[in-house]
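# Residue-level structural notes
Single-letter residue listing:
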Amino acid sequence: MNSDFVDLRSDTVTKPTPEMREAMAEAEVGDDVYGDDPTVNKLQEKAAEMLGKQAALFVPSGTMGNLIAILTHCARGEEVIVGDKSHIYVNEAGGMAALGGVYPHPVPNQTDGTLRLEDIRASIQPDDSHRTITRLVCVENTQNMCGGVVLSVDYTQQVAQLAKENNLKFHIDGARIFNAAAALDVDIKELVAPADSVMFCLSKGLASPVGSMLAGTEAFIAKALRLRKMLGGGMRQAGVIAAAGLVSLEKMTGRLKQDHARARNLYEALKQVPRLRLEAEPSSNMVYFRLDDSVKLTESQVVAEMKKYGVLVDWSAPRQFRLVTHYWVDDAGVEKTAKAFADVLSEESAG
Ligand SMILES: *Cc1c(COP(=O)(O)O)cnc(C)c1O
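Take the site of the ligand next. Among the 14 residues in the neighbourhood of the ligand, the closest are listed as Gly-62, Thr-63, Asp-173, Arg-176 and Lys-204. Residue Gly-62 places a main-chain N or O atom 2.8 Å away from an oxygen atom belonging to the ligand. Expressed as a share of its isolated accessible area of 380 Å², the protein-covered part of the ligand is 84%. Mapped onto the shell around the ligand, the elements with two or more residues apiece are α3 (62–73) and β7 (197–201). Top contributing element to the shell around the ligand by residue count: α3, with three residues. Along the lines of polarity and charge, the residues of the shell around the ligand split into three nonpolar, six polar and five charged.

Glancing now at the environment of Val-90. Its location among the elements puts Val-90 in helix α4 (residues 87–90). In sequence terms Val-90 and Ala-263 are 173 residues apart; their C-alpha atoms lie 25 Å from each other. Ignoring any residue separated from it by four or fewer positions in sequence, one finds Val-90 in contact with Asp-84, Lys-85 and Met-145.

As a further point, take the nonpolar core. Of all hydrophobic cores here, the largest spans 55 residues; its most connected members are Leu-51, Phe-58, Ile-120, Phe-170, Phe-178 and Phe-200. The element contributing the most residues to this core is helix α11 (residues 239–252), with seven residues. If you look at the next biggest cluster of nonpolar residues, it comprises 27 residues, including Val-273, Val-302, Val-313 and Val-329.

Looking now at the domain arrangement of the protein chain. If you check the domain split of the protein chain, you get domain 1 (6–12 + 255–350) and domain 2 (16–252). Computed from C-alpha atoms alone, the centre-to-centre distance between domain 1 and domain 2 is 29 Å. Between domain 1 and domain 2, roughly 1500 Å² of surface is buried when both sides are summed, and carbon and sulfur atoms account for 53% of that area. Note that Asp-11 and Arg-176 form a salt bridge whose closest N and O atoms lie 2.8 Å from each other. Summed over the shared surface of domain 1 and domain 2, the number is seven residue pairs in polar contact (both at pLDDT 80 or more). Ranked by the residues each element gives to the side of domain 1 that touches domain 2, the list is headed by helix α12 (residues 256–271), at three residues. The residue makeup of the side of domain 1 that touches domain 2, split by class, is five nonpolar, six polar and four charged.

Before going further, it helps to examine the side chain of Asn-141. Summarising the element assignment, Asn-141 is placed in the loop between β5 (133–140) and α7 (153–165). For Asn-141, a relative accessible area of 2% translates into the label buried. A polar atom in the side chain of Asn-141 sits 2.9 Å from the backbone nitrogen of Leu-151.

The next subject is the sheet that holds strand β12 (residues 314–317). The strands that make up a sheet are held in pairs by hydrogen bonds between backbone atoms, and each pair lies either parallel or antiparallel. Strand order in this open sheet of four strands is β9-β10-β13-β12, and the pairing throughout is antiparallel. Across the chains shown, the open sheet's two edge strands, defined by having one partner strand only, are β9 (276–278) and β12. Averaged over all pairs of adjacent strands, the angle between their axes in this sheet comes to 40°, without regard to strand direction. Bridge count between strand β10 (residues 286–291) and strand β13 (residues 320–324): five bridges; the pairing is antiparallel. Across the sheet, the residue bridging to Arg-290 is Gln-320, located in β13. Along the sheet, α12 makes contact with β9, β10 and β13, crossing β10 at roughly 20°. Relative to β12, helix α13 (residues 299–308) is tilted by about 160°, and along the sheet it contacts β10, β12 and β13.

Definitions and limits used
Residues numbered from 1 in each chain as written. Predicted model: local features only at pLDDT ≥ 70, side-chain atom pairs only at ≥ 80, totals over all residues. Heavy atoms only, no water. Near = heavy atom within 4 Å. Polar contact = N/O pair within 3.5 Å; in protein donor to acceptor, adjacent residues only side chain to side chain. Areas by Shrake-Rupley, 256 points an atom, 1.4 Å probe, with all protein chains shown as cover. Helix = DSSP H or I, 4+ residues; strand = E, 2+ residues; numbered from the N terminus. Nonpolar A, V, L, I, M, F, W, Y, C, P; charged D, E, K, R; others polar. Contact = heavy atoms within 4.5 Å. Core = buried A, V, L, I, M, F, W, Y, C linked by side-chain atoms within 4.5 Å. Buried < 20%, exposed > 50% of the residue type's maximum accessible area, 1.4 Å probe, protein only. Domains from an automatic or database assignment. Buried area = accessible area lost by both parts, 1.4 Å probe. Salt bridge = Lys/Arg side-chain N within 4 Å of Asp/Glu carboxyl O. Pairing = 2+ DSSP bridges. Axes fitted to C-alpha atoms, helices over the stretch in contact; angles between N-to-C directions.

Below you can see the structure in the form of structure tokens.
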């Protein structure tokens, strides 16, 4: 079922586990647009319960989940404060503006992934007919482009407090929020309690083939349901994929620390490889590093050479790589990866 490749390009590459495939084959299903799919209903109830929110909605992707959240909170012409390195701002094809007429207001992400509270405060528009209306603030946890760094419960509460004082809604793009909770060793409820809404992905480190969850109040989810339909995200016998999502919640959330430990081992092993410049120690399941200036291979050439050694990697910016550990990367895979980098770079200096 799985090839011999060690695939560190992302945790989105995770194929379903054997237990998921079995659950999918046996899933009880119905038409979810009628609300008739018992497996989807169970997944939504379970997700809401784990997050400590009133309700949750199964959506086809994280991008759709974030978009629905923004369109649920904001009207056309209203403004959202987002990180300038956030997935919402950079990697969602401008959906909020293109489809919702919602205006993003980017604020710099600090190296620890946070938006400075004073920057958020300064970005809130005054009540003035020349200005847009600021309606929402979004943070991302873990913050992917800042290295998979983790935002604390304390910080999340501070953002929520600031939002509340200014009559803003607060959404967490928590694509990998279970990784954040594992890294902090806190119950996920605590981490998301301050937010009005939260999205997380089943399809990343939790190993489901498809799907994300959006959670919030019952009123929020009722509005979100209509938007999901409008965006074409209403699915029929979706229990087939929701069954995998239940396995994600029940079996996969508890093991993410293993991925974090392997990311640390990978970081330590790559530190020993000459001419790789490791960045900050990993906070969750991502290892970022750069190629030393003396490396003549381009990023794409390194990718191609690594593939010959059975290791799939990807570069994230010029000279920069991001490796992501997940369920299908074991200790042997970590070793194999470090050895392959050492061989590729030493061949280059020999040649
Ligand atoms: C992957 C990701 C998303 C979007 O999820 P898709 O399912 O790929 O659409 C949103 N936010 C962050 C931080 C992500 O990493």
